[in-house]
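Coordinates in review
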Amino acid sequence: MKKGWVPTQEAFDSLLNWLDPDRERAGQKYETIRLKLIKLFSCRGCCDAAELADESINRVMAKVEELAKTYNGEPALYFYGVAHKVYLEYLRESHLKPQLPPTPPPPDETAYECLEECIHQLQEENREMVVRYYQEERQAKIDNRRRLAQELGIGVNALRIRAHRIRIQLQKCVEACLAQDFVQ
Amino acid sequence: MALNHEIDIIRGYLLGQLSEEQSQAIEQRMLSEDDFFGELEITEAQLVDDYVGGCLTSDERDQFEKHFLATPERQQNLQFARLLRRYVASHPIHKPAAQSWWQQWENQSWGLRVAAGVTAVAIIAVALWFAVPRASSPDTLATVTLTIGSGNRAEGGVSQTMPLPSGNLKIVLRLPDNVAPETVHQVRLIAGEGTTRIFDITERDAKTVSLVIPSSQLKRGSYALKLLVLSADGTVQPVNGSYLLTLE
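Reference entry: report on the structure contained in this document. Keep in mind that what you see is a predicted model, and the values were worked out from it rather than measured.

The next subject is the state of the cysteines. Residue and element names in this part refer to chain A. Under the criterion given, the structure shown has 2 disulfides over all chains. A disulfide bridge connects C114 with C177, and the sulfur atoms are separated by 1.9 Å. Judged by the sign of its S-S torsion, about -70 degrees, the bond between C114 and C177 is left-handed. Taken together, the positions of C114 in helix α6 (residues 109-121) and C177 in helix α9 (residues 156-183) put the pair 63 residues apart, joining distant regions of the chain. The disulfide partner of C118 is C173, and the S-S distance across this bridge is 2.0 Å. With the S-S bond torsion at -85 degrees, the cross-link from C118 to C173 turns out left-handed.

Moving on to the pairing of strand β1 (residues 141-147) of chain B. Residue and element names in this part refer to chain B. Side chains A142, V144 and L146 of β1 all project onto a buried face; the interleaved residues L141, T143, T145 and T147 project onto a face where none is buried. Here β1 runs beside strand β3 (residues 168-174); their pairing, made up of 7 bridges, is parallel. Each residue of the ladder has a partner; that of T145, found in β3, is V172.

Our next topic: the interface of chain B and chain A. Much of the literature gives interface size as the accessible area that the parts lose upon coming together. Tallying the contact residues gives 59 residues for chain B and 54 residues for chain A. It is L31, F80 and Y87 of chain B in chain B that bury the most area against chain A; as a group they hold 14% of the surface buried on that side. Between the two partners, chain B and chain A, sit 10 salt bridges. Counting every contact that joins chain B to chain A gives 20 residue pairs in polar contact (both at pLDDT 80 or more). Of all the elements in the fold, those that place two or more residues in the side of chain B that touches chain A are α1 (3-14), α2 (20-32), α3 (34-52), α4 (58-66), α5 (72-90) and β9 (236-238) of chain B.

Another point: the packing of aromatic side chains. Going through the model one piece at a time under the given rule, you end up with 9 aromatic pairs over all chains. Taking 6.3 Å as the distance between ring centres and 90 degrees as the angle between the ring planes, the aromatic pair formed by W18 of chain A and Y78 of chain A counts as edge-to-face. Remark: Y78 of chain A occurs in helix α5 (residues 75-92) and W18 of chain A occurs in helix α1 (residues 9-19); sequence separation between them is 60 residues. Residues W18 of chain A and Y78 of chain A agree in their burial class; the two are buried. One aromatic cluster is present, built from ring pairs that chain together W18, Y71, Y78 and F79 of chain A. Positioned above the aromatic ring of Y133 of chain A is the side chain of R145 of chain A, whose terminal nitrogen or guanidinium carbon lies 3.7 Å from the ring centre. Positioned over the ring face of F68 of chain B is R74 of chain B, at 4.0 Å from the centre of the ring.

Further remarks concern the sheet that holds β1 of chain B. Residues and elements named next belong to chain B. Ordered by their spatial adjacency, 4 strands build an open sheet running β1-β3-β7-β6, and the pairing between neighbours is mixed. The open sheet has two free edges, formed respectively by β1 and β6 (203-204), since each of these has just one partner strand. Judged from the 2 bridges that link them, β6 and strand β7 (residues 208-213) form a sheet pairing that is antiparallel. Of the residues in β7, the one forming a bridge with E203 is S210.

Quick look at the packing of helix α2 (residues 23-43) of chain A against helix α3 (residues 49-62) of chain A now. Working note: a packed helix pair is described by the angle between its axes plus the distance between those axes. Residues and elements named next belong to chain A. Orientation of α2 relative to α3, taken along the N-to-C sense of each, is 130 degrees, at an axis distance of 8 Å. Taken as axis vectors, α2 and α3 run oblique relative to one another. Classified by chirality, the crossing of α3 by α2 is right-handed. Residues Y30, R34, L37, I38, F41 and S42 of α2 form the contact with α3, whose own contacting residues are A49, A50, L52, A53, D54, S56 and I57. Within the contact of α2 with α3, the residues separate by chemical class into 9 nonpolar, 2 polar and 2 charged.

For the rest of this paragraph, the subject is the pairing of β3 of chain B. A regular strand places its side chains on the two faces of the sheet in alternate fashion. Residue and element names in this part refer to chain B. Most of β3 sits out of view: 6 of its 7 residues are buried. The pairing of β3 with β7 spans 6 bridges and is classified as antiparallel. What sits directly across from R174, in β7, is T208.

The next subject is α1 of chain A. Every buried residue of α1 of chain A is accounted for by A11, S14, L15, L16, W18 and L19 of chain A. Considering only its buried residues, α1 of chain A is in contact with α2, α3, α4 (64-70) and α5 of chain A.

Below, the discussion takes up unusual backbone geometry. Residues and elements named next belong to chain A. The backbone of E136 shows a phi angle near 70 degrees, a positive value even though the residue is not glycine. With respect to the helices and strands, the residue E136 is situated in the loop between α7 (124-133) and α8 (138-152). For R138, which is not a glycine, the phi torsion comes out positive at approximately 45 degrees. Among the structural elements, R138 can be located in helix α8.

Reading the values: rules and limits
Residues numbered from 1 in each chain as written. Chains lettered and ligands numbered in written order. Predicted model: local features only at pLDDT ≥ 70, side-chain atom pairs only at ≥ 80, totals over all residues. Heavy atoms only, no water. Disulfide = S-S within 2.5 Å. Helix = DSSP H or I, 4+ residues; strand = E, 2+ residues; numbered from the N terminus. Buried < 20%, exposed > 50% of the residue type's maximum accessible area, 1.4 Å probe, protein only. Pairing = 2+ DSSP bridges. Contact = heavy atoms within 4.5 Å. Buried area = accessible area lost by both parts, 1.4 Å probe. Salt bridge = Lys/Arg side-chain N within 4 Å of Asp/Glu carboxyl O. Polar contact = N/O pair within 3.5 Å; in protein donor to acceptor, adjacent residues only side chain to side chain. Phe/Tyr/Trp six-rings, centres within 6.5 Å; stacked < 30°, edge-to-face > 60°. Lys NZ or Arg CZ within 6 Å of the ring centre and 35° of its normal. Axes fitted to C-alpha atoms, helices over the stretch in contact; angles between N-to-C directions. Parallel < 35°, antiparallel > 145°, perpendicular 65-115°, else oblique. Left-handed = near helix turned anticlockwise from the far one by under 90°. Nonpolar A, V, L, I, M, F, W, Y, C, P; charged D, E, K, R; others polar.

Below you can see the structure in the form of structure tokens.
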């Protein structure tokens, strides 16, 4: 990255334009790439994954005028190449040396109450589905999910995807509930 | 790549078991394929659940704690998985899986059952009309036409009753609107006592499919029939709802 380079609105607009001429689609692509970069750094064990993802994006942004003229290919893969360099630098700076965070304490009652509230807010069919999906253990769980998928008239993989979406919705709801609780 | 194989590779990546080259290949797919990224997220959640449920091997558990749990985001995911597990354990939903469709039918309203009874009498009359004159030949066909009951438990379905035919029985199934006749692969016949047999389709038109049950496989009792359709991914899936039949 150019030394002392600071992202500008103009550079950001150029980046979006490179991702897609349609502004709305470009915005969606930007968000998706950022999310994936955060996941990538997280999978590599980096504690500050969001910061490293933003650093990678800034580096691409700094070169985007040139890239738009010379780079042919999937932009996401260019981001990957840059992110990999950022990761190697991160390693060299020894930030990664495992300072394992302590195992988190068991969830407290407030979090549990938030989950109860969030599950209560689900539509009844989703509430029942998610509870049934996560019931049982090992083979009984596999059989249970197969049965549930049959009842819903969908494939087991479609059921996995549906249950995961509800889970993410619940987790976000619990986080929002806890944040609200913290503010109060 | 088969889904299970893909899941195994993703789990290996998440636990830090893959080589650098393999990890980079995974990461490139993660960046360029949205579906693959989605699969990675689902597999990650499953891995956390397996850890919480004590379903990992000791090696996996060790890698999970040393490699996987390194970030605050994943620690939050672990917390959430524990919460969800606690909730599910304290709010079990027991579906009456052992209840037969016949028991479920008995739970229907009286009005519905009376209406079904009247229909059944009419059906018996029609069936007798066709079946009795052919009783002397085992190869002759009695025919019955059935309509699917809505829902998974034959809710609202009408059980048709007819005498046990002495010959083969041709069953014509009226298809629900969302099922195209060419997608119907086979029919599963579930006897009241729980035995199951699969039959191929012998005829089909725009609104129905038919199958023939040999007389040797028929006896008095209650039956439910389920359509099995071929889905776009090549798997065979049952259609919601059942066709109900009683042979007396």
